[in-house]
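One-letter residues, chain by chain:
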Amino acid sequence: METEALERPADLTIWRTAPASAPMAQPERYGTLREAIAAAAGALTDPAKQPWIITEEGEILSPNWIRTYLN
């Protein structure tokens, strides 16, 4: 991933692995991909939450990608 991509906006959606009665996940817009990754890091501490990021370029970053990036 290009370094400048980290400074572009990104959307973070946190899906819950709870029953279908849980409300639908809504994406949240962040000013930079760095901010979205930092917010996703907090969600990764809860096994019932699965953070997914969509970059401004349309790239989809899975929970496994986010974990790998953070490590």
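Values in this document were obtained by computation on a predicted structure and should not be read as measured data.

About the criteria used
Residues numbered from 1 in each chain as written. Predicted model: local features only at pLDDT ≥ 70, side-chain atom pairs only at ≥ 80, totals over all residues. Heavy atoms only, no water. pLDDT = per-residue confidence, 0-100. Helix = DSSP H or I, 4+ residues; strand = E, 2+ residues; numbered from the N terminus. Axes fitted to C-alpha atoms, helices over the stretch in contact; angles between N-to-C directions. Parallel < 35°, antiparallel > 145°, perpendicular 65-115°, else oblique. Contact = heavy atoms within 4.5 Å. Nonpolar A, V, L, I, M, F, W, Y, C, P; charged D, E, K, R; others polar. Buried < 20%, exposed > 50% of the residue type's maximum accessible area, 1.4 Å probe, protein only. Arc of directions from axis to C-beta. Pairing = 2+ DSSP bridges.

**Some points on the confidence of the model for the protein chain**
Note that predicted coordinates carrying low pLDDT should not be read in detail.
Consideration 1: Summing up the model confidence of the protein chain, the mean pLDDT is 90 and the portion of residues at 70 or higher is 92%.
Consideration 2: The lowest-confidence element of the protein chain is strand β1 (residues 10-16), averaging 94 in pLDDT; the highest-confidence one is strand β4 (residues 60-61), averaging 97.

**Re the packing of helix α1 (residues 33-43) against helix α2 (residues 63-70)**
Consideration 1: Their axes nearest at 10 Å, the elements α1 and α2 cross at an angle of 100°. Comparing their axes, α2 and α1 come out roughly perpendicular. For the pair α1 and α2, contact is made by R34, I37, A40 and A41 and by W65, I66, Y69 and L70, respectively.
Consideration 2: Partitioning the contact of α1 with α2 into residue classes produces 7 nonpolar, no polar and 1 charged.

**Re α1**
Consideration 1: Restricting attention to buried positions, one finds in α1 the residues L33, A36, I37, A40 and A43. When α1 is viewed along its axis, its buried side chains cluster within an angular range of 105° and face the same direction.
Consideration 2: Those residues of α1 that are buried lie in contact with β1, β2 (28-30), β3 (49-55), β4 and α2.

**Digging into the sheet that holds β1**
Consideration 1: Read across the sheet, 4 strands follow the order β2-β1-β3-β4 without closing on themselves; strand pairing throughout is antiparallel. Every other strand in the sheet has two partners, leaving β2 and β4 as the edge strands with one partner each.
Consideration 2: Across 2 bridges, the pairing between β3 and β4 is antiparallel. Each bridged residue has a counterpart across the sheet, and for I53 the counterpart in β4 is L61.
Consideration 3: Taken strand by strand, α2 contacts β3 and β4, and its axis lies near 85° from that of β3.

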